[in-house]
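Residue-level structural notes
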Amino acid sequence: MSSRTFFKTPLGAGSHTIPIAQTAKTETSKDLIPNTDKDAFFFRSLEKQGIYLNEPQIHAVRHFKGPLLTLAGAGSGKTSVLVCRTGYLIAVRNINPKNILLVMFSKKSGRGNA
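Residues numbered from 1 in each chain as written. Predicted model: local features only at pLDDT ≥ 70, side-chain atom pairs only at ≥ 80, totals over all residues. Heavy atoms only, no water.

Attention now moves to the pattern of salt bridges. Here the structure, examined in full by the defined rule, presents four salt bridges. Glu-55 is the salt-bridge partner of Lys-25, the closest N and O atoms lying 4.0 Å from each other. One end of the pair, Lys-25, is in the loop between helix 1 (3-8) and helix 2 (29-32); the other, Glu-55, is in helix 4 (residues 55-62), and 30 residues separate them in sequence. Residue Lys-25 is classed as exposed on the basis of its relative accessible area, which comes to 64%. Using a relative accessible area of 34% as the deciding quantity, one classes Glu-55 as partly exposed. Of the charged contacts in the structure, one is a salt bridge between Asp-37 and Arg-62, with a shortest N-O distance of 3.0 Å. A residue pair is termed long-range when its members are at least 10 positions apart, and Asp-37 in the loop between helix 2 and helix 3 (40-48) and Arg-62 in helix 4 qualify at 25 residues. Arg-62 sits in the partly exposed class, given a relative accessible area of 26%. (Salt bridge = Lys/Arg side-chain N within 4 Å of Asp/Glu carboxyl O. Helix = DSSP H or I, 4+ residues; strand = E, 2+ residues; numbered from the N terminus. Buried < 20%, exposed > 50% of the residue type's maximum accessible area, 1.4 Å probe, protein only.)

If you want it as structure tokens, here you go:
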């Protein structure tokens, strides 16, 4: 049995093959946002701090018409998106910080102090 077969058919899967997921895109704000965009200065300032957002994160940061619900798994960059989006709303969209509400919730915080 080759290692390729081993990984395609995990123990207990029987004769079912497991589909291989597509590799995620590796493009970041540096690749996706040209300097000609009106808000490019904001993303260049993030990059100088070592923050490179991927395409879905950029869409979330740029969203400014109404609330935004961000649902994603652990370690996917939700907190970075919230922080960057808040900065974007203030610096690029001139939104008064008094009009911004951030709410974060995790399964761990929902357990309480039991």
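Picking up after the structure, the text goes on.
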